[in-house]
Amino acid sequence: MVCLGNICRSPLAEGILQAKSEAAGLGWIVDSAGTGNYHIGENPHPTSQKVALANGIDIRKQRCRQFVSEDIDVFDRIYVMDTDNYQEVKRISGSKWKEEKVELILSALYPGEKRNVPDPWYGTEKDFHLVFELLNRACDKIIQSYTKT
Ligand code: 4NP
């Protein structure tokens, strides 16, 4: 799960997909990172923590890190929150870039539409709830695509 700061959106996405993968018995290792270096070592944004907890998900222990090119090899799938993150993941990956592994997370809900998860950084708590709902629905679709018989 990748966004710009690894402080608002991708920590929520990590917590949501981790919880759903555990509930589905998939046992995935889910992680998140930011393309920027502004918040390395910090815990998620307090409002992301609050909204996650209100939905039964504890992301308080997560720590921000920056995306590195090795992530392309380590992870099977990389979900980005917006098209800027997509371009940055491509740039940071350099020669390791593997287009087939990287996807806009909202393509799970709106295939082909190139929709972005809106950045709530300058927003209000309502914006964080909207992000949670979008990611919750997208992660349901992702889990479904791996559990359909
Ligand atoms: P995120 O939001 O990419 O969802 O974590 C942001 C967090 C911090 C900044 C921008 C976006 N920032 O400019 O510091």
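Structure report, in brief. (Residues numbered from 1 in each chain as written. Predicted model: local features only at pLDDT ≥ 70, side-chain atom pairs only at ≥ 80, totals over all residues. Heavy atoms only, no water.)

**Digging into the site of the ligand**
Inspection of the region around the ligand gives C3, L4, G5, N6, I7, C8, R9, Y38, H39, D119 and W121 as its neighbouring residues. Between the ligand and the protein, one listed contact pairs an oxygen atom with a backbone N or O atom of G5 at 2.8 Å. If the ligand stood free it would expose 350 Å²; the protein chains cover 90% of that surface. For the shell around the ligand, the class distribution of residues is six nonpolar, three polar and two charged. (Near = heavy atom within 4 Å. Polar contact = N/O pair within 3.5 Å; in protein donor to acceptor, adjacent residues only side chain to side chain. Areas by Shrake-Rupley, 256 points an atom, 1.4 Å probe, with all protein chains shown as cover. Nonpolar A, V, L, I, M, F, W, Y, C, P; charged D, E, K, R; others polar.)

**Quick look at the layout of surface pockets**
One number sums up the size of the largest pocket: a volume of about 390 Å³. Every residue lining the largest pocket is counted, 19 residues in all, and those nearest its centre are I29, V30, F75, D76 and R77. Residue classes in the lining of the largest pocket are distributed as 13 nonpolar, one polar and five charged. (1 Å grid on protein atoms, 1.4 Å probe; cavity = no way out; pocket = protein on both sides within 12 Å on 5 of 7 lines; lining within 4 Å. Points joined across faces, edges and corners; volume = space filled by probe spheres on them.)

**Quick notes on the state of the cysteines**
Per the counting criterion, the structure on display carries zero disulfides. With no disulfide of its own, C64 has C3 as its nearest cysteine by sulfur position, at a separation of 8.0 Å. Lacking any disulfide linkage, C139 is separated from the closest cysteine sulfur, that of C3, by 13 Å. (Disulfide = S-S within 2.5 Å.)

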